[in-house]
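Chains, contacts and geometry: an overview
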Amino acid sequence: MSDLKLTIDDIRIISGCYSKQDAIQSVSEAMIKAGLVKDDYTQAMFDRDTQISTFLGNGIAIPHGTTDKRDIVIKTGLKIIYYPKGVLWDQDDNIAYVVIGIAAKANEHLDILRQLTKAVIAEDTLDRIKTIKTAENLLEILQGSC
């Protein structure tokens, strides 16, 4: 992820049943709390998801803001929430277990997406995601190790 380093501190596990709106709100709040974005980034994330689904595939969604709201990104970074029960992401019955909130000041998110692509295209990713017990497990999958 270029000079972005994903750590255990960037990952939370939240049990229970949640909607896509809850998931986007939660990951946005984590990004705000970490000082990555300003308070109004949440709306930019909702706006982006109405333009085109942010479901990436294999149980992974990547909500992020619209490009016209990059000025409310303080610094590039990620926050990740794992939902063991999954979140219905859109009308195509796509279920997201891993919600990766992305804040990018310019086009850094393209580097982030390239890194995530390895995890998304691996045939066993969804099966592995469904068995995650710890933040460390998820970090290994997303970094392409194990």
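Below is a short write-up of the structure. Sequence order as written defines the numbering, with residues in each chain counted from 1. Under the rules for a predicted model, residues below a pLDDT of 70 receive no local features and side-chain atom pairs below 80 are neither given nor counted, while totals for whole chains, interfaces and linings still include all residues. To get the side-chain values, take all heavy atoms of the structure and skip hydrogens and water.

Structural notes on the overall build of the protein chain
Definition in use: Where helices and strands are cited, they refer to DSSP runs of H or I of at least four residues and of E of at least two residues respectively, numbered from the N terminus. The quantity called the radius of gyration is restricted to C-alpha atoms. Its globule counterpart is 2.2 Å times the number of residues to the power 0.38. For every residue, the accessible area obtained with a 1.4 Å probe (protein chains only) is divided by the maximum for its type, and the residue is called buried under 20%, exposed over 50%, and partly exposed between those limits. Residue contacts follow a heavy-atom distance rule, with two residues in contact if any of their heavy atoms lie within 4.5 Å.
Counting its secondary structure elements, the protein chain contains 5 helices and 5 strands. N-terminal to C-terminal, the α/β element order of the protein chain is β-α-α-β-β-β-β-α-α-α. The globule rule puts the C-alpha radius of gyration for 146 residues at 15 Å, and the 14 Å found for the protein chain is close to it. Taking the principal axes of the C-alpha coordinates as reference, the protein chain spans close to 35 × 35 × 25 Å. Here the protein chain, with 146 residues, has 47% of them falling under the buried criterion. Within the protein chain, residue pairs in contact and separated by at least 24 positions form 70% of the contacts whose partners lie at least 6 positions apart.

Concerning helix 1 (residues 20–33)
Here is the rule: One fewer than the residue count of a helix, multiplied by 1.5 Å, yields its expected span.
Over its 14 residues, helix 1 extends 20 Å from the first C-alpha to the last, a length consistent with the 20 Å expected when each residue adds 1.5 Å. Those residues of helix 1 that sit buried are K20, A23, I24, S26, V27, S28, A30 and M31. In this structure, the buried residues of helix 1 make contact with strand 1 (11–13), helix 2 (41–51), strand 4 (77–88) and strand 5 (95–103). One or two steps after helix 1, the chain reaches G35, where phi turns positive at roughly 80°.

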